[in-house]
Amino acid sequence: MNKPIEPNSFRTGPDEQGMFGMFGGRFVAETLMPLILDLQGHWEHAKADPAYKAEVAHLNKHYTGRPSPLYFAERLTDHLREVSAAKGLGGGAKIYFKRDELNHTGSHKINNCLGQILLAKRMGKTRIIAETGAGQHGVASATVAARFGLPCVVYMGATDVERQAPNVFRMKLLGAEVVPVTSGHGTLKDAMNEALRDWVTNVDDTYYMIGTAAGPHPYPEMVRELQSVIGREAKEQMMEAEGRLPDMLVAAVGGGSNAIGLFHPFLDDRSVRIVGVEAGGKGLDGEEHCASLTAGSPGVLHGNRTYLLQNSDGQIMEGHSISAGLDYPGIGPEHSWLKDSGRVEYVPIMDTEALEAFQLLTRTEGIIPALEPAHALAEVIKRAPHMRKDEIIVMNLCGRGDKDIFTVGKILGMGL
Amino acid sequence: MTTRIDRRLAHLKSEGRPALVTYFMGGDPDYATSLKIMKALPKAGSDIIELGMPFSDPMADGPAIQAAGLRALKAGQTLAKTLHMAAEFRADDDETPIVLMGYYNPIYVYGVDRFLADARASGIDGLIVVDLPPEMDEELCIPALKAGLNFIRLATPTTDEKRLPKVLQNTSGFVYYVSMTGITGSALADTTKVATAVKRIKSHTALPVCVGFGVKTAEQARTIGASADGVVVGTAIVNAVASVIDPKGGLTADPAEAVATLVSGLAQGVRGARLVAAE
């Protein structure tokens, strides 16, 4: 294979057609095209408007509680230095967490939802729809819809409704209607299909609040811009704490919104190595994983071209992960491009490794992480002992684990 | 370069009646039965066949066509088999136009050039690919036109005056007017609005305009056919197949016969369309 020509900057995409290299685009039914073009126009206008930016910043600060702390995980760092010493390596990088799990609603998802609902208001839309897998984006959508007084319908796979009952309850308390989706296999991709069908039907009044940096242009770019607050803050906070850039960034990728949010502001800082962590599920040999970048191939789904889990006939497969938030057979198109251009390295982490990391963090730092960032943490645990003590890793702790305690408790055989 | 679609629609125009365009899902409930359904369509009065290519994630389709696609995939249907089905049909019928309809991903994975060559060789005349708007014309539309296939585009109530020329620019064969926003199989739209919309599209193009989404009965086919060059029926046909499948997947009657009965009725409706309009 030819090695792609290294671009001057990794931060200029997408182009006018919404492409990141060969990835991205606008693969949607004609019914949706005028809406997507309208959305794009409003987004271009909003992102250049100081008043919009000020509104987002104000809500980020006073509603979400930003900036989220950049926390030096001292006990975990010490623990991994002991591991390093025991291996005779004598290393152990310093580990920092970007603590987006402390945000209102418990994850990074709120960053995106606030920006999008302000846009929906500007567009005069009166009804919000969203898809959700684990329920984190559903909760964040229901939250901002309540805050702005708009009705909200959340599509959620019937399988996920069952395994994420606490979040379903949260959404309902917040006034959202949760529609269980039984078509297909009743998971996140089916929920997204159903949300698109709703949007195709209710084109006049409805705003589709996509939860990740995927879907037709301009969503991948818009969600990235709204989530980039994570990386911008982290950069500033790192300069303040250490006076220099980190050596490595690590984040979990499902659809990829928290990861692109952390990565994007650092993409042109070539000294910073960047690692995205996919759900390896029960292993890449079988079909029970969600590692679309590591084990998938390019295809077209949900409005964009990107790496997908699919069979040789182009039919989309069901993924598996212990974490419902990573359980999606696709990935944001910018990640596909970053993989092929070689700027970001993507690796899989197995269910069992994520579970171990989950428990380690709980006991060393007193933080219960969501299972999604537990995947990122498992990669940090692998890498830190092999790095020097003066090297620095920043990991995005993008969600808290309250929603996962039942899943984890069940697997560990704890009676609740 | 004319295709069977161009010739068939021109011929029907000279006869003064609209076309009956019938959609069915390739491979539903299985390959052999589905081929039988396909062969029954022209005899029952179908003028143009839309051959559905099943896809796991049909985002613009309602429950009936979703279920049909999943049945077909479960029975082992693939894009290669759908093309083979068209070729088998062509062995006996070199006249009835065949339009392949579905989503882009299976074609993309098959490989665009290989797909176009195989589609031509299988006797395919046109393509409808739901998730390829004019913005993505370089992907498949332009290569398909170069290969001598029609690329039929959907126009919808959201396609306004400003956008219509862009939608029509590389469209050939006919314009498929989707009479409502929403997914396939929803309720029929207001027929007077449909007539206005057809007129609006015709003011921009000389292409025939066929109307679909929501047509289920001969009466509706007659009404829509009064203003359109063709009436597309899909969900009703897929439902006719589903109606003879029992919950365990067995057949309670012959699906080809169920489809033929429905299509004969619809064909009568379409054939009566202009008579009604003339009265």
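Residues numbered from 1 in each chain as written. Chains lettered and ligands numbered in written order. Predicted model: local features only at pLDDT ≥ 70, side-chain atom pairs only at ≥ 80, totals over all residues. Heavy atoms only, no water.

Q: How should I be thinking about the pairing of strand β4 (residues 126-129) of chain B in this particular structure?
A: Strand residues, when the strand is regular, have side chains that alternate between the two faces of the sheet. Residue and element names in this part refer to chain B. Burial along β4 is two-sided: the residues G126 and I128 and L127 and V129 are all buried. Pairing of strand β3 (residues 98-102) with β4 involves four bridges; the strand directions are parallel. Along β4, the bridge assignment pairs M101 with I128. As defined by bridge partners, β4 adjoins strand β5 (residues 150-151) across two bridges and the pair is classed as parallel. The residue of β5 that forms the bridge with L127 is F151. Taken together, β4, helix α7 (residues 141-146) and β5 form a β-α-β motif whose crossover is right-handed. (Buried < 20%, exposed > 50% of the residue type's maximum accessible area, 1.4 Å probe, protein only. Helix = DSSP H or I, 4+ residues; strand = E, 2+ residues; numbered from the N terminus. Pairing = 2+ DSSP bridges. Right-handed = clockwise from strand over helix to strand, strands pointing away.)

Q: Looking at this model, I keep getting lost on the side chain of H264 of chain A. Mind explaining?
A: Residues and elements named next belong to chain A. Within the secondary structure, H264 sits in the loop between α11 (257-263) and β10 (273-281). Judged by its relative accessible area of 3%, H264 is buried. Not counting chain neighbours up to four residues away, the residues in contact with H264 comprise R11, R224, E225, S228 and E334. (Contact = heavy atoms within 4.5 Å.)

Q: Looking at this model, I keep getting lost on empty space enclosed by the protein. Mind explaining?
A: To find leftover empty space, one rolls a probe the size of a water molecule over the atoms. The tally for this structure, following the rule as stated, stands at eight cavities of 30 Å³ or more. The computed volume of the largest cavity comes to approximately 390 Å³. Forming the walls of the largest cavity are 31 residues, and the residues nearest its centre are H108, K109, G255, G325 and L326 of chain A. At the level of elements, β5 (127-132), α5 (136-148), α8 (188-201), α11 and α15 (371-383) of chain A are the ones that each hand at least two residues to the lining of the largest cavity. For the lining of the largest cavity, a count of residues per class yields 11 nonpolar, 16 polar and four charged. The two domains that each donate at least three residues to the lining of the largest cavity are domain 1 (27-63 + 109-223) and domain 2 (66-106 + 228-411) of chain A. Here the second largest cavity is characterised by a volume of approximately 250 Å³. Contributing to the lining of the second largest cavity are 27 residues, with Y23, D61, I65, T184 and G234 of chain B lying nearest its centre. The class makeup of the residues in the lining of the second largest cavity is 16 nonpolar, eight polar and three charged. (1 Å grid on protein atoms, 1.4 Å probe; cavity = no way out; pocket = protein on both sides within 12 Å on 5 of 7 lines; lining within 4 Å. Points joined across faces, edges and corners; volume = space filled by probe spheres on them. Nonpolar A, V, L, I, M, F, W, Y, C, P; charged D, E, K, R; others polar. Domains from an automatic or database assignment.)

Q: For this particular structure, what's the right way to read the sheet that holds strand β2 (residues 23-27) of chain A?
A: Two orientations exist for strands paired in a sheet by backbone hydrogen bonds: parallel and antiparallel. Residues and elements named next belong to chain A. The four strands are arranged β1-β2-β12-β11 in an open sheet whose pairing can be described as antiparallel. The outermost strands of the open sheet, each flanked by one partner alone, are β1 (19-20) and β11 (297-301). Note that β2 and strand β12 (residues 303-308) share two bridges and pair antiparallel. From the neighbouring strand, G24 faces β12, where its bridge partner is R305.

Q: What's the story with the interface of chain A and chain B in this structure? I'm lost.
A: Frequently, the measure chosen for interface size is the accessible area removed from exposure when the parts meet. Between chain A and chain B, the residue contacts involve 38 residues of the former and 36 residues of the latter. For the pairing of chain A and chain B, the buried interface totals around 2,800 Å² over both sides, and the portion due to carbon and sulfur atoms is 56%. Scanning the region where chain A abuts chain B turns up three salt bridges. In this structure, R305 of chain A and E139 of chain B form a salt bridge, with 2.5 Å as the shortest nitrogen-oxygen distance. Taken together, the connections running from chain A to chain B amount to 15 residue pairs in polar contact (both at pLDDT 80 or more). Within the residue set of the side of chain A that touches chain B, elements represented by two or more residues are β2, α1 (33-47), α8, β11 and β12 of chain A. Of all the elements, α8 of chain A adds the most residues to the side of chain A that touches chain B, at eight residues. (Buried area = accessible area lost by both parts, 1.4 Å probe. Salt bridge = Lys/Arg side-chain N within 4 Å of Asp/Glu carboxyl O. Polar contact = N/O pair within 3.5 Å; in protein donor to acceptor, adjacent residues only side chain to side chain.)

Q: Sorry if this is basic, but what is going on with the packing of helix α10 (residues 218-225) of chain B against helix α12 (residues 255-271) of chain B here?
A: Each pair of packed helices can be described by the angle between their axes along with the distance between the axes. All names here are of chain B. Where α10 meets α12, the axes come as close as 7 Å, and the angle between the chain directions of the two elements is 30°. Judged by the inter-axis angle, α10 sits roughly parallel to α12. The handedness of the crossing between α10 and α12 is right-handed. Contacts from A218, A221 and R222 in α10 reach G265, L266, G269 and V270 in α12. In terms of residue class, the contact of α10 with α12 is built from four nonpolar, two polar and one charged. (Axes fitted to C-alpha atoms, helices over the stretch in contact; angles between N-to-C directions. Parallel < 35°, antiparallel > 145°, perpendicular 65-115°, else oblique. Left-handed = near helix turned anticlockwise from the far one by under 90°.)

Q: Honestly, the environment of S68 of chain A in this entry has me stumped. Any pointers?
A: Residue and element names in this part refer to chain A. With respect to the element layout, S68 can be found in the loop between α2 (50-64) and β3 (70-72). On a C-alpha basis, the gap between S68 and V229 in space is 9.8 Å, while along the polypeptide they are 161 residues apart. Setting aside residues up to four positions removed in sequence, S68 forms contacts with K98, R99, D100, N103, E233 and Q237.

Q: Is there a simple way to think about the pairing of strand β9 (residues 230-233) of chain B in this case?
A: Residue and element names in this part refer to chain B. Residues of β9 alternate between two faces, with G230 and V232 on one and V231 and V233 on the opposite face, all of them buried. Bridge count for strand β1 (residues 19-25) against β9 is four bridges, and the pairing is parallel. The residue bridging L20 from the neighbouring strand is V231, located in β9. In terms of strand pairing, strand β8 (residues 209-212) meets β9 through two bridges, oriented parallel.

Q: How do you make sense of the domain arrangement of chain A when you look at a structure like this?
A: Residues and elements named next belong to chain A. For chain A, the assigned domains read domain 1 (27-63 + 109-223) and domain 2 (66-106 + 228-411). The interface is formed by 35 residues belonging to domain 1 together with 31 residues belonging to domain 2. Contact between domain 1 and domain 2 buries roughly 2,700 Å² in total, counting both sides, with carbon and sulfur atoms accounting for 57%. For the domain 1 face of the interface with domain 2, the top three residues by lost area are F27, N111 and K189, together amounting to 23%.

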